[in-house]
Every structure is written in C-alpha cells, then in structure tokens.
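# Understanding the architecture of this molecule
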2 protein chains.
Amino acid sequence: MSISGKLYFDGAWHQGMGGTYQAVNPATAQLLEPVMTKATKAQVELAVAAAQRDSLAFAKTSAAQRANFLRECATQIEALGDELVDRISAETGYPKARGEGERARTCGQLRMFATSLDNGEFVDARIDTAQPDRKPVPKPDIRFMQQAIGPVAVFSVSNFPLAYSTAGGDSAAALAAGCPVLAKGHNSHPGTGELVASAIIKAIEICKMPKGIFAYLMGDDAEVGATLVKAPAVKAVGFTGSIAGGTALMKMANARPEPIPVFAEMGSINPVVLLPEALKTQAATIAKGFVASLTLGTGQFCVNPGLVIAVDGPELQEFITAVQAELGAVGAGVMLNERICHSYSNGVNHFKQVPGVDVLAQGQAVSDAAGFRAQAYLLGTSGQNFVAQPDIHEEVFGPASMLVKCKSIDEIPQALSVLGGQLTGTVHGTESELGQHVEIIDALTAKAGRLVINGFPTGVEVCPSMVHGGPFPASSDMRFTAVGTAAIQRFQRPVCYQNFPDALLPDALKNSNPLKLNRLVNGAPSDAALT
Amino acid sequence: MSISGKLYFDGAWHQGMGGTYQAVNPATAQLLEPVMTKATKAQVELAVAAAQRDSLAFAKTSAAQRANFLRECATQIEALGDELVDRISAETGYPKARGEGERARTCGQLRMFATSLDNGEFVDARIDTAQPDRKPVPKPDIRFMQQAIGPVAVFSVSNFPLAYSTAGGDSAAALAAGCPVLAKGHNSHPGTGELVASAIIKAIEICKMPKGIFAYLMGDDAEVGATLVKAPAVKAVGFTGSIAGGTALMKMANARPEPIPVFAEMGSINPVVLLPEALKTQAATIAKGFVASLTLGTGQFCVNPGLVIAVDGPELQEFITAVQAELGAVGAGVMLNERICHSYSNGVNHFKQVPGVDVLAQGQAVSDAAGFRAQAYLLGTSGQNFVAQPDIHEEVFGPASMLVKCKSIDEIPQALSVLGGQLTGTVHGTESELGQHVEIIDALTAKAGRLVINGFPTGVEVCPSMVHGGPFPASSDMRFTAVGTAAIQRFQRPVCYQNFPDALLPDALKNSNPLKLNRLVNGAPSDAALT
C-alpha cells in the first residue's frame, strides 16, 4: 500500500485538518514523502465518540473473538512485508535487522495476549457460592471477574516504532482487554504508524469487529494529546517517554472531573553494580557485554545501562581499559531525531562540566555531517561525588553511562539509596559474593521492577513473568507492568455479580464453566462445573 | 485494660503533644472519659521513621509468619471482650449487636487474609524458564512475584469503628502484604481505636514482629493526616469517607515529588432499579427489604440505597404505600456525631426544596432532644426532573432515599446515565424481564463495581469474590477493591528476577517450590517443583 498521510477514525480514513508536516530521515536529515496531516481537536473528538459508541459492543466480544482478532493483527502486520521495515529504517535510522526484530517482537506480543485470552487467566474468575442457612445472615452468591474499562489513549514512543507504538504493548493489552484504542502516532515515524494502522484496520474488517474500536491520529501533543487525555470517554492513558512528558500527562489526567490513570513509563538509568570477585575474573567479558548493551540502538532504550557502580581498584581499572578498547571501536550511531540528538549532546556536555566528573572512555567521534549522530561515552566520578550531586542522577537518553567508583563495598548501597525508582537493577557477582551482599540486592529491589544477575538490562523479554515498570519515576504506578501478560491489568476493573440468575451471568462465571476456566471457587482453584 | 488517651508508635505508648480532646456519646451528647491526646507533626514523623526502618524486615517475613500474626490480631481483638463493644456503643450509638457483628466481621477479615497468605494466591508467582539455545537471542530465566510496597497510612472511618478502622480492611490487607501500617484513629471513636491498637500491639509482641510496623495516631486531619500523606516513606494511603475528603487527599498525594496512590472509597448513592413485573407481584416485600436496608445503622453505610428508579403506575404506588407503612414504624436513629447529623438534615432539607421533589414517606420524627438523631425519608421526583437536576444526584449520608418515577422503562437507562460511578447497582425483576432488559444491567455495570439482583446493597460479604469499589467517585481507582482478598493488590507491586541463582530467589520462586504454591510456569498453572 502507499502511505497517504491521512488519519483513521470511525471506520474511515480522513484528511487531517490540523496542518501538515513531513517525517525526517535522521540518517540524512532529508524530508520523507508523503506530506502527513494532523488532526484537529474536532477530529479527535469524533474519534473518541466512535470509540465510546462501540465500547460496550467490543467489551462484550468473547475472549476467543478478541484472540482471533489479535492474531489477525499480527498476520496483517507481517503481510506488510519489506515496505514496513524499509519505512522504519527511513524514519528511525535503525538497520533493517532491528526493524525485523521489532516486528517479530510486536507480533509475538499480540499472539502472547491471544494465548492469554485463550487461557482465560486474565479474567481472574472467582465464585463464592451461597449459604442460605448461614447465621446470623445468609451468605449470598457472589461472582467476580475482570472487565474492560473503556477507551484507552495510547501515545506512540520515539524509540520503538512498532513494539511501543500503534500496535505495541499498550495497544495489544488494551485491545486484549476489550478496550477501544485511540493511538496517537509519533511525529518521528508517522508513516510506520500509518502502515501498522492499515494492518489493524484490515484485521478489524476480517474479524468483523466494531469499526470505532481503533483510531490512528497524528498531530501535536497540545492538540491531539491533550484532547485525548481530557476526553470524558477516555478511561486510561498509555505513555512511554520522558519524565517531563509523563508527569505533564499525569497532571492533566488528575485535573479532570473524573481523574483517570496515566500508565507512564518514564526515566530510568538502570544501575549496574559490579562486585569485586566478578571483576577479578570477568572484567573483560563484563566490559564487552556492557558496551554492547550501552550502544545497542545508539543507546536509545529505556533500559539502557546509564549507571555502573563498583569498588575502585586495579580490577575496576582493568574493566575501564577494556571498555576503552571496546568503545573505541564503536562508530557514532544515528539517533532517532534532531531533538533527541541535541538533548543527548547537551546532556553529555552538562555531565562533563560537573566538578569531579571525568571522561573515562569514548566511542568514535561523529564524522558524518549529515543526519543526527551520537558519540558514545563512559564518564566517571567518585561515590562521594555521585551522592552529593543530584544533577548526575538524571537520565541522558542515548549511549552514555556514568561509572561510580566507590571507596569500599559499603558505599554501594549508599550510592543506590540516592536514586529514584528504576525499571531495572543489575548485579554482577559470583554466587558466593552475591550471597554475602544481600543488602545490595535489597537496595536494588527497593528501587527497581526487574532485577538482573550477571547480565545487562537491555532486552526486555515478552513473557508472563516480565515486569517492565518500577517505583516512580520509572513508572507512574509501580503496581503495574507495561510488558508481559500482566500488562492487561492496567485496562481492566473487577466487577462482581450478587445473586445473578445463571443465564444472566457472563460465560466466565456460569455454573457450567463453558469457557473451561481455572476459577477460584470458594477460595480454591477449580476448573469444574458447579452443580 | 483502661483507655489511656495515648498514641502508639515505635514500640511504645506516648502522650500526644498536639493538644487534647474528648470523644462524645452521640446518643446523649455527653463527653466520654478519658481525655485523649493528639499527635504533633514531629510525633507523626517519628512514627513514619520507625515504620520505614522496619519496613524491609517486615516485608521479608514469611507469609506463614504474617498469617500467624493476623490470626493473633483477631484473637487479641476478641480477647478485649465486652469492654470493646461497650466502648463502640458509647462512641457511636450503635446497639451492642452491631458492635458484636462488626467485631466478627473484622476478625473474620483478618483470618480471611491469613488463609489467603496460606494459599499463596496473593503472590501471583510466575516462572518463565530459560531457553539458552533460542534464536536469534537466548531466552533468560525470569520469575515474577508480588511484594510489599512499604509503609501505608490508613485513615479510620466514622461509620465502621472496627471493620474500616484501626484493624479494618485496609490495615488487614496492608499487614497481610507485609506493609507497616500507620493508622490514624477517628475522632468519633478514639477509645475504640486505642483498644484495637492495644490488641495489635499484643499480637506484635507475641509474634515477635518488628515494633515499627504499626502505629496508632490520633489528631486533626491537617496535622496528622497531611503529615502522613506527605511523608516520603509512605507509599500508599487507604481512606474511606466523603468525596471532598478523598479528593483532597488525592490532590495532596499527587503533588508529592513522588506521587503515591490514595485508595479512597467515597460517595455512592447505590441505585436500585425496580422493574414492573417484580413490582406487580412483590411490591410489599420489596418495600419491606428496602426500608430495612435504608434504615440499617441509621442509614450510615456507603452502600445505603439512596436512589430508587422505577416506572410510575399503580404497582409503584403500592410500593410507596408499603414504604409509608414500614417507614412510619421506624424511630429516629442515633447518628455517629454532630457533624454527620447536621449534614444529613441539611442535605434532606436541601433536597426537599428542589423544585419537583416531594416527600413520599417518612420515619418517626426526632422526639428525644438529647444526642444526634435522624428522621428517615423517602423523597420522590420525576425521571425528567432527576436528569435535569444534578444537585439531587449527590449522596446524603444517612437514612434518606430518592425515588425516581419514570414515564416508561426507556427512561431508566437515561436516569442511570447521568450518575457518577457507584459502589453498587441493584435490579429487582423476574428472570424473564431481566433478560429482556439487559440494557439496564449494562447501564448499571458501566457505573458500578457490584451488581445485585433481587436484593439490597447493604451487607458487603467479606470473601474472595467481593468488589467494594467502582468508577470515580465511588472509588479513586476502579482497578481495585477495598474488601475481599483482592484488596491486598493495592499494597503490592510486582518484581521480577532475571537469571537469579536458585539460592538467592525468594522461597516463592525457588525451583523446589518449598511453599507448594500454584505457580504460572511457562504460561501454565503448576504446583510442581522445577528440575
């Protein structure tokens, strides 16, 4: 198909009436065709109205119907073929393999939610049967299940044009729950977004889903974003991006007459602790893994290892020397857009000027004048200086990391204690020294949603056990994850049914257990029918 | 024991340094002995510091240890004997049977969470095993479980001196999760709170729990409440009360550098729809049940049926006539305190003055000049008038209800559509007419957390299937319930462990499955050990 630059809502493509713009190839700074159009406030409101209109019908579809629909979305995204991955490369500067990998991840994620719908795990069905003779009062029949909350606004993110955008994790989880999705495309990759939207739309047609359950809207945050967050019919927001962006949306959502949650994944510097015994035997190997993790995707990951903490000494020097060699071989990578590229170089320059911060290692300098490129850095400072300077606890989005050199192992929990919430915390150590330093694992656990031993934080596995989230400001609500099957919980609410005639109960709660669910019956798991 | 009027924190009783006051017997308006003391900001901060200090140790206790502790709390509350129920009656005006019932409910709730801890259901343990040979990248071993979030501030509520106060639902859920509880007593029943606190403290001593995990604080909202909500170490707030009170706390919590959730149960008028066939055969029975529900506890329940919606006609007139007779026999009940009593009479007077609102039935007038008493009311208005007057959609806390007389059954969903979120929605109907009016059940489902057929909303069963919550403003976050085993989810967050050596994993996630949990292993439930 050819990219039209149009918006999609209420079952049709529409020319955006809010102005035009063009995407930019960040590798060349050249404009990309075609001209894209932006939505007006009125167009966003039409999209919201269509979503609201079809919300109940969508919520009432069976889990099997939605599973089929999610699988069809994946099939249709794959059917876009090279056109999709080529457009991703043009809009993001990512190599083709990255686009292919992200497509596999995105489609895998849609299918994972389909499997979760098949299992029925997401329903959390519970039944407490009546005891009419109980004293002093009879016990009623009560049955509990999770249900869709209604339309969800999803903000696409710059660095994952597929996996956290139009058909990414938030959209897949919301659609799985039975919530209409109002997707705001990202101005860095609007063509990619439009291609993915066309795939979802085909799936809606093939699966005969209500046409209002998906919209693809492009435009500015103030116009499109704010209108979505303020719309009374919108019941939750999914966002991945900066702390400033996420907290601005949270404020807006909390100021509504009916406040709604913004599930925001925001800043994280993902501390990596290197314990002495691990450095003694593995310094070069860890350095190699660290540089690969740091520079993957030009460091543009929310789980990028932006902080390394270790005890100073000859083993740490060996690690630094190895990083110097590894990083010296890394060319200046393309960044996603001009703004991110400027923020990165400003951030690195700011860090360099903080007293007590040195450059320990660097990647190759930017030699290609065209496009937006970044030189990788490992900066260094003392444990004492790190604790004293809140400025250098901030995230610099891109391939830069700060090595904190502690005087002793006791300084490590202290350095961790000054951090805000994190998506991940990593420790490298032998099993014996890990066991001896449980206080370090405890300090990381208090800060992070995912703990990694002897690995690196990049590479977020999409599986039922994943937690992608953490204490504020890593995410807006640490009770939820943005990746994995539990991500659907953001877009559901429990409802219970008291003394309902069997025929009026949802299938998940009927006596005969027609969906063959594993249910909590009078407090114990059971997949049996009730008599 | 004798009531001392002291506060409890960091393992000891302290004279409050923030002033003194006395509780009032609402049946007589007489002051109750002894003089109670209020906490200062500095005392609250000491309590928070002790809770924070012991937070990790408490989070690391085993589920079995916490189950034992919760059971001991119940035992110690029961051991308070008549002193407790007598003090409840003195401080609230509730008859002794109500105090005994609420004690049974409170102790039952503590034991329910103990059972839930025994089952391990609350952990939501998940394991995805490694696939080192997976292409293109190896799959790591990832394991997921729910963990305690840290100290929780719990605000006691006026109308449930036991079940939603010091050792009530919020405290039980937080302690079950492994979170220290900072309980703010209610000025209406501070002596009851102190007695319950003494029981928890005995349980802490007997079970050798860390002493900072529980505090009992009394004082004013501005001093004690605000200090708790703003304290950086506090990670969540449990509140039950008015919309104004709940939203004020939400604003305060959202304005923190690290926003935290306020789980607030607020206003609800709990619509009850009476369908024509049910009225035709059951008008008198429904009227009897309705009046009993309306006047239970002098109407001081968040699930009080404050709104009845039905089609006008002779059957509805029969219902009204029956309500008149039933209500005419109900004496003016004691209300919890002067403020609530005044708010109630102001609210009823305001409703009476709204154009198009009539008094349809009333209870006996207040004849006893002493204390704070309330006359029960059934007011009435047309469907059209109800939709047009947002003023009469507000909750009047007490034994008053509004009957909305619709011209036809089609007006019912319209009347429901103007309501805010509700804790409950009820329909009376024959099975056949319920099946014919699914749109009414759908309209209620969109608004409420609990749906009741042919019953009344009062009487919140404490069981795994209960949902006590609903769309805003019934509760601040409709994703959670305040009653039932799922209430623990408010005070937990998921953490995942990647590539952890077995010895360093929490017991819930170890290969040998030492806790015999039912875990989600590679997407399928299993209680087997891993090899």
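Everything in this summary refers to the structure shown in the same document.

Here is what the cut-offs are and how they apply
- Residues numbered from 1 in each chain as written.
- Chains lettered and ligands numbered in written order.
- Predicted model: local features only at pLDDT ≥ 70, side-chain atom pairs only at ≥ 80, totals over all residues.
- Heavy atoms only, no water.
- Helix = DSSP H or I, 4+ residues; strand = E, 2+ residues; numbered from the N terminus.
- Rg over C-alpha atoms; globule rule 2.2 N^0.38 Å.
- Buried < 20%, exposed > 50% of the residue type's maximum accessible area, 1.4 Å probe, protein only.
- Contact = heavy atoms within 4.5 Å.
- Areas by Shrake-Rupley, 256 points an atom, 1.4 Å probe, with all protein chains shown as cover.
- Lys, Arg positive; Asp, Glu negative; His and termini not counted.
- Charge placed at Lys NZ, Arg CZ, Asp CG, Glu CD.
- Least-squares fit on C-alpha atoms with pLDDT ≥ 70 in both.
- Pairing = 2+ DSSP bridges.
- Axes fitted to C-alpha atoms, helices over the stretch in contact; angles between N-to-C directions.
- Parallel < 35°, antiparallel > 145°, perpendicular 65-115°, else oblique.
- Left-handed = near helix turned anticlockwise from the far one by under 90°.
- Nonpolar A, V, L, I, M, F, W, Y, C, P; charged D, E, K, R; others polar.
- Phe/Tyr/Trp six-rings, centres within 6.5 Å; stacked < 30°, edge-to-face > 60°.
- Expected span 1.5 Å × (residues − 1).
- Bend = angle between axes of the 7 residues up to and from the residue.
- Core = buried A, V, L, I, M, F, W, Y, C linked by side-chain atoms within 4.5 Å.
- Buried area = accessible area lost by both parts, 1.4 Å probe.
- Salt bridge = Lys/Arg side-chain N within 4 Å of Asp/Glu carboxyl O.
- Polar contact = N/O pair within 3.5 Å; in protein donor to acceptor, adjacent residues only side chain to side chain.

Helix and strand counts for chain A come out as 16 helices and 25 strands. Radius of gyration (C-alpha) of chain A: 25 Å, near the 24 Å computed for a compact globule of 531 residues. Projected onto the principal axes, the alpha-carbon positions of chain A cover approximately 75 × 65 × 40 Å. Buried positions account for 64% of the 531 residues belonging to chain A. In chain A, the proportion of contacts linking residues at least 24 apart, taken out of those at least 6 apart, comes to 75%. Approximately 18100 Å² of chain A is accessible, and the part contributed by carbon and sulfur atoms is 54%. Averaging the positions of the 41 positive and the 48 negative side-chain charges in chain A gives two centres separated by 8 Å.

This paragraph deals with the relation of the copies chain B and chain A. For the pair chain B and chain A, the superposition axis carries a translation of 0.0 Å, the fit reaches an RMSD of 0.0 Å, and the rotation angle comes to 180°. Viewed as a symmetry operation, the transformation between the two copies matches a two-fold axis. Of the C-alpha atoms belonging to chain B, the one lying closest to the rotation axis is found on asparagine 254 of chain B, 4.0 Å away.

With that out of the way, let us pick up the sheet that holds strand β15 (residues 307-311) of chain B. In space, the 12 strands of this open sheet follow the order β25(A)-β24(A)-β7(A)-β8(A)-β23(A)-β22(B)-β21(B)-β14(B)-β15(B)-β20(B)-β19(B)-β17(B), with mixed pairing throughout. The outermost strands of the open sheet, each flanked by one partner alone, are β25 (524-526) of chain A together with β17 (358-362) of chain B. The sheet shows a mean angle of 25° between the axes of neighbouring strands, taken without regard to direction. Both β15 of chain B and strand β20 (residues 400-406) of chain B contribute to a ladder of 5 bridges, which runs parallel. Bridge assignment links valine 308 of chain B to a residue of β20 of chain B, and that residue is leucine 403 of chain B. Packed on one face of the sheet, helix α10 (residues 314-328) of chain B meets β14 (271-274), β15, β17, β19 (377-382) and β20 of chain B and runs near 55° to β17 of chain B. Packing of helix α11 (residues 338-353) of chain B onto the sheet brings it into contact with β17, β19 and β20 of chain B, and relative to β19 of chain B it is tilted by some 30°.

With that settled, consider the packing of helix α3 (residues 82-92) of chain B against helix α4 (residues 96-119) of chain B. All names here are of chain B. With their axes 9 Å apart at the nearest point, α3 and α4 run at an angle of 120° to one another. Here α4 runs oblique to α3, going by the angle between their axes. You can see that α3 and α4 cross each other, and the crossing is right-handed. From α3, Asp82, Leu84, Val85, Asp86, Ile88 and Ser89 reach across to α4, where they touch Lys96, Gly99, Glu100 and Arg103. Here the residues of the contact of α3 with α4 are counted per class, giving 3 nonpolar, 2 polar and 5 charged.

The next thing to look at is the sheet that holds strand β8 (residues 142-148) of chain B. A sheet is described by the order of its strands in space; here 12 strands give the open sequence β17(A)-β19(A)-β20(A)-β15(A)-β14(A)-β21(A)-β22(A)-β23(B)-β8(B)-β7(B)-β24(B)-β25(B), paired in mixed fashion. Looking along the sheet, the strands with just one partner apiece sit at the ends: β17 (358-362) of chain A together with β25 (524-526) of chain B. On average, each strand axis in the sheet is inclined to that of its neighbour by 25°, with strand direction left out of account. Where helix α11 (residues 314-328) of chain A meets the sheet, its contacts fall on β14 (271-274), β15 (307-311), β17, β19 (377-382) and β20 (400-406) of chain A, and the angle it forms with β17 of chain A comes to roughly 55°.

Summed over all chains, the structure comprises 21 aromatic pairs over all chains. Ring geometry for phenylalanine 263 of chain B against phenylalanine 480 of chain B: centres 5.1 Å apart, planes inclined by 70°, an arrangement best described as edge-to-face. Residue phenylalanine 263 of chain B is located in strand β13 (residues 262-265), and its partner phenylalanine 480 of chain B is located in the loop between β22 (448-453) and β23 (492-498); the two are separated by 217 residues in the primary sequence. Three or more aromatic residues link up through ring pairs in this structure, and these residues are Phe263, Phe480 and Phe491 of chain A together with Phe263, Phe480 and Phe491 of chain B.

We now examine helix α10 (residues 276-295) of chain A. All names here are of chain A. For α10, built from 20 residues, the straight-helix expectation of 28 Å at 1.5 Å per residue is missed by more than 12%, its first-to-last C-alpha distance being only 24 Å. Along its length, α10 reaches its greatest deviation from straightness, about 95°, at glutamine 282. The set of residues buried in α10 consists of Ala278, Leu279, Ala283, Ile286, Ala287, Phe290, Val291, Ser293, Leu294 and Thr295. Trailing α10 by a residue or two, glycine 297 shows a phi angle of about 60°, which is positive.

Residues and elements named next belong to chain B. With 19 residues, helix α1 (residues 41-59) extends 26 Å between its outermost C-alpha atoms, agreeing within 8% with the 27 Å of an ideal straight helix rising 1.5 Å per residue. Remark: the principal bend of α1, roughly 35°, maps to arginine 53. Along α1, the residues that are buried comprise Gln43, Val44, Ala47, Val48, Ala50, Ala51, Asp54, Ser55 and Phe58.

With 320 residues, the main nonpolar core has Phe69 of chain A together with Phe69 of chain B as its most contacted residues. Ranked by the residues each element gives to this core, the list is headed by helix α6 (residues 190-207) of chain B, at 9 residues. Contact partners of phenylalanine 69 of chain A, with chain neighbours within four places excluded, come to Phe58, Leu175, Ile200, Ala203, Ile204, Cys207, Met209 and Ile213 of chain A.

Counting residues at the interface gives 72 residues for chain B and 71 residues for chain A. A per-residue breakdown of the area chain B buries against chain A is headed by Ser465, Arg479 and Arg493 of chain B, which together make up 13% of the total. Along the contact surface separating chain B from chain A lie 6 salt bridges. Arginine 134 of chain A is the partner of glutamate 461 of chain B in a salt bridge, and the nearest nitrogen-oxygen pair spans 2.6 Å. Applying the counting rule to chain B against chain A returns 32 residue pairs in polar contact (both at pLDDT 80 or more). Elements that contribute at least two residues to the side of chain B that touches chain A include exactly β7 (126-128), β8, α8 (243-254), α14 (431-436), α15 (438-447), β22 and β23 of chain B. Sorting elements by how many residues they give to the side of chain B that touches chain A places β23 of chain B first, with 7 residues. Looking at the side of chain B that touches chain A, its residues break down into 39 nonpolar, 14 polar and 19 charged. Of the strand pairs in this sheet, strand β22 (residues 448-453) of chain A and β23 of chain B are connected by 3 bridges, and their pairing is parallel. Across the sheet, arginine 450 of chain A pairs through a bridge with cysteine 496 of chain B, a residue of β23 of chain B.

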